[in-house]
Structure formats: structure tokens, C-alpha cells
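Inside the fold
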Amino acid sequence: MSVPEAYGLGPIKVTGIAGGKVDMVTRLTGSGFSVSGCSGGGGVSSEGGGGVTLSCEEEPAATINSAMSLKVVDILDAAAVLRIEPAG
């Protein structure tokens, strides 16, 4: 799924849904990365670029790059409902 450029991320791709978690990957378009509320990690170059992985449960909503809120609303078997909106 695509996200607004202001969030500092490229499209987010779901790579797995299991054990009450949604696993995702995305590339970075900005020069930094931060996440709170779900586990994530990856690398960033000084010019931006690189990629990160995220693994999020239904609660709480994660804040990414202090700009985006990502919430796993529901997990149904092999499908998940995600809500993405501006943080704050």
C-alpha cells in the first residue's frame, strides 16, 4: 500500500500474518527512521534509502517517523485490516 511522501516511507508490503502479528517491509525515502509501538529495524544511508521491517500486533498503534500512525485494527486468518493516518 502506498503512503504519503511526508511519512518518509515508500510503499508498505505485508510479508506475513501469523501469531497475532502482521509483518511488513518498506523502503525509506528520508534520512532517518524511528518507530514506537511495534518492533522494527533496518538500515538507513546518509542520503536516505535503505529499508526496514516492522512487526506489529493489534495494540497499540505504532508511531513511525513521528509522522505516521499505523494500527492493526483486526487480524482475520490470513488477512489484516490496517489503519494509517497522520500521527498526533
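So, on to the side chain of serine 55. Mapping serine 55 onto the fold places it in strand S5 (residues 50–57). Judged by its relative accessible area of 17%, serine 55 is buried. Excluding anything up to four places from it in sequence, serine 55 contacts Lys21, Val22, Asp23, Cys38 and Ser39.

Moving on to the pattern of salt bridges. Pairs may arise between side chains of opposite charge once their charged atoms sit close together. In the structure shown here, the tally under the stated rule is one salt bridge. A salt bridge links glutamate 59 to lysine 71; the nearest nitrogen and oxygen atoms lie 2.7 Å apart. Residue glutamate 59 is found in the loop between S5 and strand S6 (62–64), and its partner lysine 71 is found in strand S7 (residues 68–76); the two are separated by 12 residues along the sequence. Under the relative-accessibility criterion, glutamate 59 is labelled exposed at 55%.

The rules behind these values
- Residues numbered from 1 in each chain as written.
- Predicted model: local features only at pLDDT ≥ 70, side-chain atom pairs only at ≥ 80, totals over all residues.
- Heavy atoms only, no water.
- Helix = DSSP H or I, 4+ residues; strand = E, 2+ residues; numbered from the N terminus.
- Buried < 20%, exposed > 50% of the residue type's maximum accessible area, 1.4 Å probe, protein only.
- Contact = heavy atoms within 4.5 Å.
- Salt bridge = Lys/Arg side-chain N within 4 Å of Asp/Glu carboxyl O.

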